[in-house]
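# Understanding the architecture of this molecule
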Amino acid sequence: MTAGAPADSTPLDELIASHAVEIPDFPQPGVVFRDLTPVFADGPAFRRMVEGLATPSLVDPRAAALATAGTGDPGYDVVVGVEARGFLLAAAVALDAGVGVVPIRKAGKLPRERLSADYTLEYGTATLEVHTDSITPGQRVLLVDDVLATGGTLAASVQLVEALGGVVVAVSVVIELADLAGRQRLAPHAVHALWTT
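A brief structural summary. This one's a predicted model, so the numbers in the text were calculated from it and none came from an experiment.

On to the packing of helix α3 (residues 43–54) against helix α5 (residues 85–97), then. α5 packs onto α3 with a crossing angle of 75° between their chain directions and a minimal axis gap of 9 Å. Taken together, α3 and α5 sit at an angle that is classed as roughly perpendicular. Contacts between α3 and α5 involve Phe46, Arg47, Met49, Val50, Glu51, Leu53 and Ala54 from the former and Leu88, Leu89, Ala92, Val93 and Asp96 from the latter. When grouped by side-chain class, the residues that make up the contact of α3 with α5 number nine nonpolar, no polar and three charged.

This brings us to the pairing of strand β4 (residues 100–106). Bridge count between strand β3 (residues 78–82) and β4: five bridges; the pairing is parallel. Looking at β4, one finds that Gly81 is bridged to Pro103. After leaving β3, the chain enters α5 and then returns to the sheet as β4, a path that is right-handed.

Another point: helix α1 (residues 12–19). An α-helical segment advances 3.6 residues per turn. Residues three or four places apart therefore align on the same side. By the burial criterion, the buried members of α1 are Leu12, Leu15, Ile16 and His19. Projected down its long axis, α1 carries its buried residues within an arc of 95°, all on one side. Contacts made by the buried residues of α1 are with β1 (21–24), α2 (37–41), α3, β8 (167–176) and β9 (191–196).

Quick look at the side chain of Asp35 now. Along the chain, the position of Asp35 falls in strand β2 (residues 32–35). Here Asp35 occupies a buried position and makes no salt bridge, while the nearest side chain of opposite charge, Arg85, is found at 6.5 Å. In terms of polar contacts, Asp35 uses its side chain to reach the side chain of Thr37, at 2.7 Å. When residues no more than four places from it in sequence are discounted, the contact partners of Asp35 are Ala20 and Val21.

Each value, and the rule that gives it
- Residues numbered from 1 in each chain as written.
- Predicted model: local features only at pLDDT ≥ 70, side-chain atom pairs only at ≥ 80, totals over all residues.
- Heavy atoms only, no water.
- Axes fitted to C-alpha atoms, helices over the stretch in contact; angles between N-to-C directions.
- Helix = DSSP H or I, 4+ residues; strand = E, 2+ residues; numbered from the N terminus.
- Parallel < 35°, antiparallel > 145°, perpendicular 65-115°, else oblique.
- Contact = heavy atoms within 4.5 Å.
- Nonpolar A, V, L, I, M, F, W, Y, C, P; charged D, E, K, R; others polar.
- Pairing = 2+ DSSP bridges.
- Right-handed = clockwise from strand over helix to strand, strands pointing away.
- Buried < 20%, exposed > 50% of the residue type's maximum accessible area, 1.4 Å probe, protein only.
- Arc of directions from axis to C-beta.
- Lys, Arg positive; Asp, Glu negative; His and termini not counted.
- Salt bridge = Lys/Arg side-chain N within 4 Å of Asp/Glu carboxyl O.
- Polar contact = N/O pair within 3.5 Å; in protein donor to acceptor, adjacent residues only side chain to side chain.

Shown next as structure tokens:
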């Protein structure tokens, strides 16, 4: 984005790419970390990013079919965010859509009865958890995170939502790292990425 250009005149993928900072060899050698905090810090850019994440029905006819026309129904009942940057995004998307937000956390962070799922990611293994009463059977869920890489984190999150009876209508991410084939791991769920690189 050129200096002084309004955020709303730049294509969203270009806007995000122009703000994101690539950090090589973080958190370990060979991994390139894409830092989105500069996008979060820019008000107009952050708003556009949140609006983009909140509208997967624009690209997913299945999510659009679940929305009730003319009622303001976004096609989902709750937004689920994955720790940690996914929390920031999911909370903002939920507020924008007028629905609730549910956190999926790393192991040992939730105080009440919870469900767990183990997963592998590009640089290790981990466990995610969700409170067992946070999603009700049949509830329509928009799953939000910052990056789709190998798909391990989001696949475990889908597993947790579905184990509680939730229906994942779409997965919205800011960045998709296409070479890592995470989208295939999430099939048949629709993936809505704002920037594919």
